[in-house]
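# Coordinate analysis (summary)
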Amino acid sequence: SQTIHQWPATLVQPVGSPLSLECTVEGTSNPNLYWYRQAAGRGLQLLFYSVGIGQISSEVPQNLSASRPQDRQFILSSKKLLLSDSGFYLCAWNRGQGIGGEAFFGQGTRLTVV
Amino acid sequence: GENVEQHPSTLSVQEGDSAVIKCTYSDSASNYFPWYKQELGKRPQLIIDIRSNVGEKKDQRIAVTLNKTAKHFSLHITETQPEDSAVYFCAATELSGGYQKVTFGTGTKLQVIP
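If you're wondering where the values come from, they're calculated on a predicted model, not measured in any experiment. (Residues numbered from 1 in each chain as written. Chains lettered and ligands numbered in written order. Predicted model: local features only at pLDDT ≥ 70, side-chain atom pairs only at ≥ 80, totals over all residues. Heavy atoms only, no water.)

### Digging into the sheet that holds strand β7 (residues 62–67) of chain B
All names here are of chain B. The strand order across the open sheet built from five strands is β1-β3-β8-β7-β6, with neighbouring strands paired in antiparallel fashion. In this open sheet, the two strands that pair with only one neighbour each are β1 (4–7) and β6 (56–59). Each strand of the sheet is rotated relative to its neighbour by a mean of 15°, with strand direction disregarded. As paired elements, β7 and strand β8 (residues 72–77) share six bridges and run antiparallel to each other. The partner of A63 across the bridge, within β8, is H76. (Pairing = 2+ DSSP bridges. Helix = DSSP H or I, 4+ residues; strand = E, 2+ residues; numbered from the N terminus. Axes fitted to C-alpha atoms, helices over the stretch in contact; angles between N-to-C directions.)

This is how it looks when you write it as structure tokens:
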């Protein structure tokens, strides 16, 4: 069966510090991978999606970047965090081929920038 | 690109009553419409989905309807219970350039009052 791992679960970082959140998927190959951010009480904002190794598409301009060094690994990074980067970050995957299918989410990372 | 609108943003119902959440989408190429439930502090999880070749689908107290012509779909929860309280997200998935792209609605916070 497929599983998705996302870590850390919570993170408190000072303004200006770097960020690295990691997400890995097991039990499938060539998945589509997504990073979402959810501000308190708000919806899911798509930040990045990837259809393959090294292929990253950005949905909104921001202080963040993403990388996919391996087929089932997706990393969200920042060189210098801003207060506005605080939020709940979710990694997700769905099957890369065929008609639409369920998206599976990681447990999320609650990031607080202080 | 796809644009998904979701209404209402908040919904309060008495236990035992029905709840209806509505979504519209813009891209006729979207062919898969899942609904996710997100409990406080947890990851979104799929509760029901519908494909573009089906008009209605039911799973116990939950049903989803799809009107392709009007580009709208709805979630119906009957006999609501306190454990139905959560944020619900609709989504539209389109197959674009060989990969799937998921666009979420802004979410509906459902409160079931005992």
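### Regarding the state of the cysteines
Linking two cysteines covalently via their sulfur atoms produces the bond known as a disulfide. All names here are of chain A. Counted according to the given criterion, the structure contains two disulfides over all chains. A sulfur-sulfur separation of 2.0 Å characterises the disulfide bridge that pairs C23 with C91. Because the torsion about its S-S bond is -75°, the bridge between C23 and C91 counts as left-handed. Here the residue C23 occupies a position in strand β3 (residues 19–26), and C91 occupies one in strand β9 (residues 87–94), the gap between them amounting to 68 residues. Pair check on accessibility: C23 and C91 agree, each one buried. (Disulfide = S-S within 2.5 Å. Buried < 20%, exposed > 50% of the residue type's maximum accessible area, 1.4 Å probe, protein only.)

Without other data, these values stay purely geometric and don't point to any function.
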